[in-house]
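Fold and contact review
As a plain string of letters, each chain reads:
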Amino acid sequence: MPELPEVETTLRGIEPWLDQQVIDSVNVRNASLRWPIPPEVNDLTGLSIKRLWRRAKYLLLELSDQSHLIMHLGMSGMMRVVRPDEVYQKHDHFELVMENGYALRLNDPRRFGCVLWTDEPIESHQLLASLGPEPLSAGFDGQWLKQAAGKRTVAVKNLIMNNHVVVGVGNIYASEALFLAGIRPDRQAGRIALQRYQKLAATIKQVLELAIQAGGTTLRDFRRTDGQPGYFKQQLNVYGRADQSCLQCGKTIINITLGQRASYYCPGCQT
Ligand SMILES: [Zn+2]
């Protein structure tokens, strides 16, 4: 599933081909995504793309009439920039053709992704309004986590995976950040000291930045690739390593279930 680093990598990959460009045509080949692609997208011809950005895992295209396209990759989506005469691939559901001779295509076999359009203020859109801060922003730090934790008894891993607390910390990144911070994933959020939350906020930023860098390195030929963005391939310390030895201390990695998600930790390194 595309996580925040893959979405950021996708954004950086498509931006050079779309930024400030005029939309020549819009092709909806299959409107049945997670929500139907609204018919208004067919009226976007002639508008230009003023800005591309990301909020949580949503890709946002601000258009010259101040309206926005909101796109999400869902479980299996990916975007490619191609020449418009390139043969469509199976599961190419949506295409934006630009006047510069390039086209953005959304391919999504499982169709949990979305393409939406709104002319309302984007910050108050129902999908975005209640999201917590971006993990890589200055506003996200240990103080914020400590305050969000309050006296809550929820496991700290579930706290940092809660989109109202902070966006974009998926299962792999939560597990790895907790390992690097030395915190057990099942520790009660309300019983963790500020100093440990400061460490955790730093390690969350660290694992996400490393993943974005790893993705970025595969993006040089973005337009010519088969569209596979640079998925997270950095060394994992705990995630998926149940019953293997900890790379730091040699103890056996444990797998527990938290919030219905597999959660891995080292009993030697994490307390
Ligand atoms: Zn260890």
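Just so it is clear, the structure is predicted and the values come from calculations on it, not from any experiment.

Overview of the pairing of strand β8 (residues 114–118)
Taking burial as the measure, the 5 residues of β8 include 4 buried ones, the bulk of the element. Alignment of strand β4 (residues 68–72) against β8, held across 5 bridges, turns out to be antiparallel. For H68, the partnering residue across the bridge sits in β8 and is T118.

A few points about the nonpolar core
Ranked by size, the top nonpolar core spans 28 residues in total, and within it L18, I49, F94 and L96 carry the most contacts. With 4 residues, helix α1 (residues 4–18) is the largest single contributor of residues to this core. Those residues in contact with L18 that sit more than four places away from it in its chain are I49, L52, L61, V81, M98 and L104. Counting 24 residues, the second largest nonpolar core, distinct from the first, contains F140, V169, Y197 and L208.

A closer look at the confidence of the model for the protein
Scored by pLDDT, the protein comes out at a mean of 92, with 93% of its residues at no less than 70. Scored below 50 in pLDDT, residues 218–231 shows 25 contacts in the model against residues more than four places distant or in partner chains.

Some thoughts on the pattern of salt bridges
Between side chains of opposite charge, a pair can form when the charged atoms approach closely. Scanning the entire structure with this criterion turns up 9 salt bridges. The partner of R105 in a salt bridge is E95, with the nearest N and O atoms 2.7 Å apart. On the criterion of sequence distance, the pair formed by R105 in strand β7 (residues 103–107) and E95 in strand β6 (residues 92–98) is long-range, its members being 10 residues apart. On the basis of relative accessibility, which here comes to 1%, the residue R105 falls in the buried class.

Observations regarding the coordination of the zinc ion
The zinc ion binds to the protein through C246 (SG), C249 (SG), C266 (SG) and C269 (SG), with metal-donor distances spanning 2.2 to 2.4 Å. In this structure, the zinc ion is surrounded by 4 donor atoms whose angles at the metal cover 96 to 119°, and the resulting shape is tetrahedral. Here the donor residues of the zinc ion share one chain and are spaced in sequence as C-x2-C-x16-C-x2-C. Taken together, the residues span a long stretch of sequence, with C249 in the loop between α5 (194–216) and β9 (254–258) and C269 in the segment after β10 (261–265) at a distance of 20 residues. Residue classification places C269 among the partly exposed residues on the basis of a relative accessible area of 25%.

Thoughts on the UniProt feature "domain: FPG-type" (unreviewed entry) in the protein
UniProt feature "domain: FPG-type" (unreviewed entry): in the numbering of this structure it lies at residues 237–271. Annotation note: span residues 237–271, helix share 0%, strand share 29%, distance between end C-alpha atoms 16 Å.

Observations concerning a negative patch on the surface
Together, E40, D43, D65, D119 and E120 make up a region of like negative charge exposed at the surface. Locating E120 in the fold gives a position in the loop between β8 and α2 (142–149). E120 sits in the partly exposed class, given a relative accessible area of 47%.

Observations concerning the sheet that holds β4
Read across the open sheet, the 4 strands follow the order β2-β3-β4-β8; overall the sheet is antiparallel. The two strands at the open ends of the sheet, each matched to only one other strand, are β2 (49–55) and β8. With direction set aside, neighbouring strand axes in the sheet form an average angle of 20°. Inspection of the sheet shows strand β3 (residues 58–63) paired to β4 by 5 bridges, in the antiparallel sense. Its bridge partner being in β4, Y58 is matched across the sheet by H72. With respect to the sheet, α1 is in contact with β2 and β3, its orientation differing from that of β2 by roughly 170°.

Rules used in this analysis
Residues numbered from 1 in each chain as written. Predicted model: local features only at pLDDT ≥ 70, side-chain atom pairs only at ≥ 80, totals over all residues. Heavy atoms only, no water. Buried < 20%, exposed > 50% of the residue type's maximum accessible area, 1.4 Å probe, protein only. Helix = DSSP H or I, 4+ residues; strand = E, 2+ residues; numbered from the N terminus. Pairing = 2+ DSSP bridges. Core = buried A, V, L, I, M, F, W, Y, C linked by side-chain atoms within 4.5 Å. Contact = heavy atoms within 4.5 Å. pLDDT = per-residue confidence, 0-100. Salt bridge = Lys/Arg side-chain N within 4 Å of Asp/Glu carboxyl O. Donors = N, O, S within 2.8 Å, 3.2 Å for Na, K, Ca; no water. Tetrahedral: all angles 85-135°; square planar, octahedral: opposite > 155°, others 65-115°. UniProt positions renumbered as here; feature names shortened; annotations may be inferred. Patch = residues over 30% accessible without salt bridge, like charges linked within 9 Å, V, L, I, M, F, W, Y side chains within 5 Å. Areas by Shrake-Rupley, 256 points an atom, 1.4 Å probe, with all protein chains shown as cover. Lys, Arg positive; Asp, Glu negative; His and termini not counted. Charge placed at Lys NZ, Arg CZ, Asp CG, Glu CD. Axes fitted to C-alpha atoms, helices over the stretch in contact; angles between N-to-C directions.

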